[in-house]
Amino acid sequence: MDATGTAAPRDETAGDEVWVLGAAMTRFGRYPDQDLIDLGAAAATAALADGGVTMADMDVLGAGNLYEAGSGVGQRLQKQIGQTGIPVYNVANACATGATAIRCVYMAIKAGEADMGLAVGFEKMGKMGLLGAKPPSGEAEAFEPSGRYGSVMSVEGRLGTTLMPGVFAQAGMEYAYENGGVGFEQFAKVAEKNHRNSTLNPLAQYRKEFSLDEIMGAPMMAYPNTVLMCCPTGDGGAAVVLVSGERLRSLSDEQRARAVRIGASVMTSDPWTEGDQVQPDVNTLTRQAASRAYEISGVDPSDLDLVELHDCFATAELIHYDNLGLCAPGEAGKFIEEGGPERDGPTPVNVSGGLISKGHPLGATGVANVYEVTTHLRGEAGDRQIPGARVGLTHVIGLGSACCVHVLEKANA
Amino acid sequence: MGRQVPIVDYLVLDDGPPHLVAGRCRGCGALYFDRRNGCARCFGTDFERVPLATEGTVRSFTIVHRAAPGVPVPYASAIVDLDGGGLVKANVVHTPADPEHVGLGMRVRLTTFPAGHDREGTEAVAFGFEPA
């Protein structure tokens, strides 16, 4: 920081930095006529074209997918778009899968093993309904304790819930327990904002606005999350091309002007906390990732022009305002009440519509949010552009847990 | 009465009033319900079995309306802070499953309920928490 408090412009292309050169995503939705590889190929080829490069320029491929993990999705993809013999890292890391694919490419470039790489996140879920809800297996012959808890039957629904809407409802309600000013209405306002934001995003799965009453009156999934406060299942792909600062120097003026610097790329898992093994603690690992990302990048939360965070459920977004330091500690309820995360607020959150309205094909999300912030930093976000955006942050969380935070910065002229 | 088995082995039915037990790490005091390979906090491998309190406070809850097939809805899932240590997830029972009857900070006590029979007639017993 210099004496005026603004960050001094760094050398535009410091050799050891990593940049986003190309980025693309398919519109998320339901595509019965496209298979997983179609979705990945569409995103990958668009990202390559966006960056003005081809598969021949890629030194590494990171391929993120959950539902077909173990099937060699990266190799299946490159057999459709270009087989050049590069190393392929197939990654699965719950909902942080896409960001993990980015991390693989990022690390390869930082390690000096690649100048340029492609990270793709893609998922085909269709209309899956409630994830993880298995039907009962019928009456047992004789109860036999099994597993690490010595259980004689499924405990789901009998000893609380581990299904997603309930887990994230519990996470939000725990924040309400610890802090004032948070209730059903504050959580619902998150969803109202994201649905409204999505009407400006042609790539969102849903683009419909709902009133607060409609959101609170919608069918309840797990209080306080109604169905309009839950992300949908769906299909989609997103991809980014990353390049080293050194290699970027040799590219065209247009490529250099549109490149976006990765100020920080951080991953964490859940450290031991009391209760984490009973109800997933999505707070501590997010706080640690964000804190590290702010430290590495030299960016303060108040510098952020936009944030794309992991709103798998409306209750999740609200607690992440606090976890990411977007609001004062304990004041996430006040933050949404005062319009803090609105498009015209101090820190626009999920102007894409978020997972709730843009969609959440699991493996794609962690790349799609980087696409979104990149697009705004390039001034190319059309109707939903945050004017003058220079710095943004992306955040994903996968239960288990894994968290990835990226800080992205517009190149200084 | 026919044979009863607890739904999970950290619910004890045959040693005084029903209560939960946990494995406590002798190195750092962390509590666990599952069979352990080691302590996730201090990496220790020495555990002792300790009983947990039967009363506590609801630190979080949700009312589940859409569940796996075969699970009656709505039901209240809660995270309970047990007096003296330990966090456990269970249903809040013996009160309507709605936000008017289940609340943050509510005091609760352990209770048990039947969870089904096997073909030999043995009854599985589950635990939950009821308003105290």
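Please refer to the structure placed before this passage.
Below or above, wherever it landed, is the structure these notes cover. (Residues numbered from 1 in each chain as written. Chains lettered and ligands numbered in written order. Predicted model: local features only at pLDDT ≥ 70, side-chain atom pairs only at ≥ 80, totals over all residues.)

1. Section: helix H3 (residues 97–110) of chain A
All names here are of chain A. This is how the line gets drawn: For the purposes of this entry, the term helix denotes a DSSP run of H or I that reaches at least four residues, the term strand denotes a run of E that reaches at least two, and both are numbered from the N terminus. The span expected for a helix works out to 1.5 Å for each residue beyond the first. In this scheme every C-beta is placed from the backbone, and a residue whose C-beta has 20 or more other C-beta atoms within 10 Å is buried, one with 12 or fewer is exposed, and one in between is partly exposed.
Taking 1.5 Å of rise per residue, the 14 residues of H3 would be expected to cover 20 Å, and the 20 Å separating its terminal C-alpha atoms lies within 8% of that figure. For H3, the complete set of buried residues consists of Thr 97, Gly 98, Ala 99, Thr 100, Ala 101, Ile 102, Arg 103, Cys 104, Val 105, Tyr 106, Ala 108 and Ile 109. Looking at the residues trailing H3, positive phi occurs at Gly 112, about 80°.

2. With respect to the pairing of strand S6 (residues 55–64) of chain B
Residues and elements named next belong to chain B. Note the cut-off: Two strands pair if DSSP finds at least two bridges between them.
Most of S6 is tucked away, with 8 of its 10 residues classed as buried. Bridge analysis of S6 against strand S9 (residues 107–117) gives 3 bridges, and the strand direction is antiparallel. When the bridges of S9 are listed, Glu 55 appears paired with Arg 109. Of the strand pairs in this sheet, S6 and strand S7 (residues 75–82) are connected by 8 bridges, and their pairing is antiparallel. Bridge pairing in S7 places Ser 60 opposite Ile 79.

3. A short note on the sheet that holds strand S8 (residues 260–269) of chain A
Residues and elements named next belong to chain A. Our working definition: Axis angles are defined between N-to-C directions and span 0 to 180 degrees, where every axis is a line fitted to C-alpha atoms and, for a helix, only to the segment in contact. The contact rule is simple: place each C-beta atom from the backbone, and if two of them lie within 7 Å, those residues are in contact.
Read from one edge of the open sheet, 9 strands run S3-S2-S4-S7-S1-S8-S11-S10-S9, paired in mixed fashion. Looking at the sheet topology across the chains shown, the edges are occupied by strand S3 (88–91) and strand S9 (306–308). Adjacent strand axes in the sheet meet at a mean angle of 25°, parallel and antiparallel pairs treated alike. Direction of pairing for strand S1 (residues 18–25) relative to S8: antiparallel, over a ladder of 2 bridges. Following the sheet pairing, Trp 19 is matched in S8 by Arg 261. Lying over the sheet, helix H2 (residues 73–81) contacts strand S2 (60–64), S3 and strand S4 (116–124), oriented at roughly 130° with respect to S3. Its contacts with the sheet put helix H13 (residues 362–377) on S1, S2, S4, strand S7 (235–244), S8, S9, strand S10 (391–398) and strand S11 (402–410), and the angle it makes with S4 is roughly 125°.

4. Quick look at helix H4 (residues 164–178) of chain A
Counted at 1.5 Å a residue, the expected span for H4(A) with its 15 residues is 21 Å, and the 21 Å between its end C-alpha atoms agrees. For H4(A), the buried fraction is high: 13 of the 15 residues fall into the buried class.

5. With respect to the interface of chain B and chain A
Just so we agree on the cut-off: As a working rule, the residues Ala, Val, Leu, Ile, Met, Phe, Trp, Tyr, Cys and Pro are called nonpolar, Asp, Glu, Lys and Arg charged, and the rest polar, with Gly in that last group.
Taken together, the contact pairs 45 residues of chain B with 41 residues of chain A. The set of elements that each furnish at least two residues to the side of chain B that touches chain A consists of S6, S7, strand S8 (87–92), S9 and strand S10 (123–131) of chain B. Counting residues per element, the side of chain B that touches chain A draws most heavily on S6(B), at 6 residues. Looking at side-chain class alone, the side of chain B that touches chain A contains 26 nonpolar, 9 polar and 10 charged residues.

Keep in mind these values describe shape, not function.
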